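A structural walkthrough
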Amino acid sequence: QSLLRRLPGLLISSPPLQPAAPMALNISTELGVIRLRLRPDAAPETASYISRAAAAGAYDGTSFYRSDFVIQCGLHGSGKPNPLGVDLKVNETALHQRVSNARGTAAVAHWDVPDCGNTEFFINLGANSHLDAAYGGYCVFACVEDDASFAVVDQIAEAVKQRSKVAIQSITVS
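My aim in this report is to walk through the structure given alongside it, one point at a time. (Residues numbered from 1 in each chain as written. Predicted model: local features only at pLDDT ≥ 70, side-chain atom pairs only at ≥ 80, totals over all residues. Heavy atoms only, no water.)

1. Notes on the pairing of strand 4 (residues 32-38)
Sheet topology places strand 3 (residues 24-29) next to strand 4; six bridges connect them, and they run antiparallel. Pairing of Ile-27 across the sheet is with Ile-34, part of strand 4. Remark: two residues form the turn of the hairpin made by strand 3 and strand 4, two consecutive strands paired antiparallel. Of the pairings in the sheet, the one linking strand 4 to strand 9 (residues 140-144) comprises three bridges and is antiparallel in character. In the sheet register, Arg-37 faces strand 9, and the bridge partner there is Cys-143. (Pairing = 2+ DSSP bridges. Helix = DSSP H or I, 4+ residues; strand = E, 2+ residues; numbered from the N terminus.)

Written out as structure tokens, the structure reads:
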């Protein structure tokens, strides 16, 4: 809503207040919480897309199901529809500030075609710079924020190797 102020003889209208853009994803899993700091400087559309999917409950009740050089999650195999109804239309890897697929970065998974990302994303377990250019590049949109989150990432990687998946209770946006 617009803010109105009165000054003697004048009525001044200021622009509507805009809500702050989301800055983090809090991934609550059965093994703890991973806090991802969003990187809108590197991938504004991608950070927004994943945040909106999380806010719509897309990841609630899904799981991390892959653990090799990354841990991966998303709607694959969950039977849940994409609540946004559309996939990402652009791979932002080379459009903004380029961020390499280093340990702790989160990137959108896609098939062999670069502009086909969706709700699938992964967290790199090590330096995976080969992903920066493979199939058009895997766009980094966030990074693990703290040591406690790194510990949970590593626990998930080990648990998925042992039992094939780790449940995600929810992902909240803050």
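2. Quick look at the side chain of Glu-120
The residue Glu-120 is located in the loop between strand 7 (105-108) and strand 8 (121-124) in this model. The charged side chain of Glu-120 is buried without a salt bridge, its nearest counter-charge being Arg-66 at 7.9 Å. A polar atom in the side chain of Glu-120 sits 2.8 Å from the backbone nitrogen of Leu-75. Beyond its immediate stretch of four places on either side in the chain, Glu-120 contacts Tyr-65, Gln-72, Cys-73, Gly-74, Leu-75, His-76, Val-108 and Ala-109. (Buried < 20%, exposed > 50% of the residue type's maximum accessible area, 1.4 Å probe, protein only. Lys, Arg positive; Asp, Glu negative; His and termini not counted. Salt bridge = Lys/Arg side-chain N within 4 Å of Asp/Glu carboxyl O. Polar contact = N/O pair within 3.5 Å; in protein donor to acceptor, adjacent residues only side chain to side chain. Contact = heavy atoms within 4.5 Å.)

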